[in-house]
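As a plain string of letters, each chain reads:
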Amino acid sequence: GEDVEQSLFLSVREGDSSVINCTYTDSSSTYLYWYKQEPGAGLQLLTYIFSNMDMKQDQRLTVLLNKKDKHLSLRIADTQTGDSAIYFCAESKRDAGNMLTFGGGTRLMVKP
Amino acid sequence: GAGVSQTPSNKVTEKGKYVELRCDPISGHTALYWYRQSLGQGPEFLIYFQGTGAADDSGLPNDRFFAVRPEGSVSTLKIQRTERGDSAVYLCASSSTGSREQFFGPGTRLTVL
């Protein structure tokens, strides 16, 4: 989606932290999401953050939101080979029925 | 409980043919969404149902695309006169009233030859 942008590819070593970045353009976005897509599988919601929050932590996942810069990041601590997948950032807009606008996805490759 | 299911998982058709793609949402979920994911891209919104009515169909690319949800549960996405550019994975998602979480099905891979 043209409103949400992500880098295409990230490679890390097993055990390292991964940081996947996303920028969005619409200041009326109310919720921002991270989805994971593994080959042949559907999209799995990892976490989401309301736009008036700065940070959300859930086990190995930390989401940081810089509303001023319209920048969202997902940090995965102690990255495992099972974390290899495509990660999509998405936004939903106020009063828009919660329809999601997705970025193009970042392919995370975890090397043993 | 069962998740969102979609049938068929794969559909191969010829240019100009008509296809129907089915989505069974999670039981009790009032909202249903259709998205289309082309190769190497993120999903793009097509249409959103709240109950039986299409609350937002602004993502449908043209009038060859149509979707229904007659009883507020199962939905069918219908594509007339298919074109090669319609080839993509069609994803369905559902959510419960007031929830921000959309649960996605595995998708239907449509290939138009």
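Calculation notes
- Residues numbered from 1 in each chain as written.
- Chains lettered and ligands numbered in written order.
- Predicted model: local features only at pLDDT ≥ 70, side-chain atom pairs only at ≥ 80, totals over all residues.
- Heavy atoms only, no water.
- Helix = DSSP H or I, 4+ residues; strand = E, 2+ residues; numbered from the N terminus.
- Rg over C-alpha atoms; globule rule 2.2 N^0.38 Å.
- Core = buried A, V, L, I, M, F, W, Y, C linked by side-chain atoms within 4.5 Å.
- Buried < 20%, exposed > 50% of the residue type's maximum accessible area, 1.4 Å probe, protein only.
- Patch = residues over 30% accessible without salt bridge, like charges linked within 9 Å, V, L, I, M, F, W, Y side chains within 5 Å.
- Areas by Shrake-Rupley, 256 points an atom, 1.4 Å probe, with all protein chains shown as cover.
- Salt bridge = Lys/Arg side-chain N within 4 Å of Asp/Glu carboxyl O.

Engineer: Even after reading the chapter, I still don't get the overall build of chain A, so can you show me in this structure?
Structural biologist: Secondary structure summary: chain A contains zero helices and 11 strands in total. Mapped from its N terminus to its C terminus, chain A presents α and β elements in the order β-β-β-β-β-β-β-β-β-β-β. Its C-alpha atoms give chain A a radius of gyration of 13 Å, near enough to 13 Å, the size a compact globule of 112 residues would have. In terms of its C-alpha atoms, chain A occupies a principal-axis envelope of roughly 45 × 30 × 20 Å.

Engineer: Honestly, the nonpolar core in this entry has me stumped. Any pointers?
Structural biologist: The nonpolar side chains of soluble globular proteins are, as a tendency, buried together. Core analysis: the largest hydrophobic core is formed by 21 residues, its most contacted members being Trp34, Leu72, Leu74, Tyr87 and Leu108 of chain A. Looking at this core, the elements that each hand over two or more residues are strand S2 (9–13), strand S3 (18–24), strand S4 (29–37), strand S5 (43–50), strand S7 (61–66), strand S8 (71–76), strand S9 (85–93) and strand S11 (106–111) of chain A. In terms of nonpolar packing, the next biggest core, distinct from the first, is built from 20 residues, Val4, Leu32, Phe49 and Tyr90 of chain B among them.

Engineer: Where do I start with a nonpolar patch on the surface in this structure?
Structural biologist: A contiguous nonpolar surface patch, about 340 Å² in accessible area, is contributed by Leu8, Phe9 and Met109 of chain A. Among the structural elements, methionine 109 of chain A can be located in strand S11.

Engineer: Explain unusual backbone geometry to me, please; I cannot follow it from the model alone.
Structural biologist: With glycine set apart, most residues show a phi of negative sign, and most peptide bonds adopt trans. Cis rather than trans, the peptide bond between threonine 7 of chain B and proline 8 of chain B has omega equal to -10 degrees. For proline 8 of chain B, the position within the fold is in the loop between strand S1 (5–7) and strand S2 (10–13). Notably, lysine 70 of chain A is not glycine yet its phi reads approximately 50 degrees, a positive angle. Locating lysine 70 of chain A in the fold gives a position in the loop between S7 and S8. Notably, arginine 81 of chain B is not glycine yet its phi reads approximately 45 degrees, a positive angle. In this fold, arginine 81 of chain B is placed in the loop between strand S8 (75–79) and strand S9 (88–95).

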